[in-house]
Amino acid sequence: TQLLEQSPQFLSIQEGENLTVYCNSSSVFSSLQWYRQEPGEGPVLLVTVVTGGEVKKLKRLTFQFGDARKDSSLHITAAQPGDTGLYLCAGENGNNRLAFGKGNQVVVIP
Amino acid sequence: SQTIHQWPATLVQPVGSPLSLECTVEGTSNPNLYWYRQAAGRGLQLLFYSVGIGQISSEVPQNLSASRPQDRQFILSSKKLLLSDSGFYLCAWCPIGVGEKLFFGSGTQLSVL
């Protein structure tokens, strides 16, 4: 079983601040995905990163895949209350199964 | 466009009662289908996945079963619920041939009392 460790588990910040959350593993993944989940809803796919060192931007969200394809980070610039949610990373190892982390719970206070 | 429907949204069942959760996908054919359970603080656990009608793979031994009677229908069942079956159940689909990009339903919050 490939474990994805997400840190911090919980993060509360003021609106306008920046934040970074992390997804780490000892395993190599062929791709890694980030999802955002709101209470009582299913996760929604934000981005997929495939190449080691890849950086993708989605408005104020910046996703980076580690050079060794074992870890990833999500940076949010000037956080807004709408960014509040559980951010889940999931790694694909090539056998058509995704391994999910436990998530980073982000709360942005207005 | 493709949509996924999952119901009911909330369910309260007594211990020992049966369970049937249904999930349907529209706007696509031959999708991969998945059932996940999400317990508080434990992330998403894959329960079952299916690559076609009647083809079910179980990831963990448990009190649950899954069936795929039609191409776009996925059912999660139990004959007798246990307290430990409580949780948030999510159905998801993935287009074949594009890697594992999951599209989730809105989930069912199951409370077994």
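Structure: above.
An account of the accompanying structure is given in this report.

Conventions and cut-offs
- Residues numbered from 1 in each chain as written.
- Chains lettered and ligands numbered in written order.
- Predicted model: local features only at pLDDT ≥ 70, side-chain atom pairs only at ≥ 80, totals over all residues.
- Heavy atoms only, no water.
- Helix = DSSP H or I, 4+ residues; strand = E, 2+ residues; numbered from the N terminus.
- Rg over C-alpha atoms; globule rule 2.2 N^0.38 Å.
- Buried < 20%, exposed > 50% of the residue type's maximum accessible area, 1.4 Å probe, protein only.
- Contact = heavy atoms within 4.5 Å.
- Areas by Shrake-Rupley, 256 points an atom, 1.4 Å probe, with all protein chains shown as cover.
- Lys, Arg positive; Asp, Glu negative; His and termini not counted.
- Charge placed at Lys NZ, Arg CZ, Asp CG, Glu CD.
- Pairing = 2+ DSSP bridges.
- Axes fitted to C-alpha atoms, helices over the stretch in contact; angles between N-to-C directions.

## Digging into the overall build of chain A
Right, on to step 1. A count of helices and strands for chain A gives zero helices and eleven strands.
Right, on to step 2. Going from the N terminus to the C terminus, chain A shows its helices and strands as β-β-β-β-β-β-β-β-β-β-β.
Right, on to step 3. Computed over C-alpha atoms, the radius of gyration of chain A comes to 13 Å, within 12% of the 13 Å expected from 2.2 N^0.38 for 110 residues, which places it in the range of a compact globule.
Right, on to step 4. Overall, chain A is about 40 × 30 × 20 Å in size when its C-alpha atoms are taken along their principal axes.
Right, on to step 5. Counting over 110 residues, chain A shows a buried share of 45%.
Right, on to step 6. In chain A, 53% of the contacts between residues at least 6 apart in sequence involve partners at least 24 apart.
Right, on to step 7. Of the roughly 5300 Å² that chain A leaves accessible, carbon and sulfur atoms contribute 49%.
Right, on to step 8. Looking at chain A, you have 9 positive and 10 negative side-chain charges, and the mean spots of the two groups are 5 Å apart.

## Here's the deal with the sheet that holds strand 1 (residues 5-7) of chain A
Remark on secondary structure: sheet strands pair via backbone hydrogen bonds, oriented parallel or antiparallel.
Residue and element names in this part refer to chain A.
Right, on to step 1. Taken together, five strands build an open sheet; the order of strands is 1-3-8-7-6 and the sheet is antiparallel. One side of each edge strand has no neighbouring strand; the edge strands of this open sheet are strand 1 and strand 6 (55-58). Within this sheet the neighbouring strands show an average axis-to-axis angle of 15°, counted without direction.
Right, on to step 2. In this sheet, strand 8 (residues 71-76) lies alongside strand 7 (residues 61-65) in antiparallel orientation, the contact comprising five bridges. Residue Phe-63 lies in a different strand from strand 8, and its bridge partner there is Leu-74.

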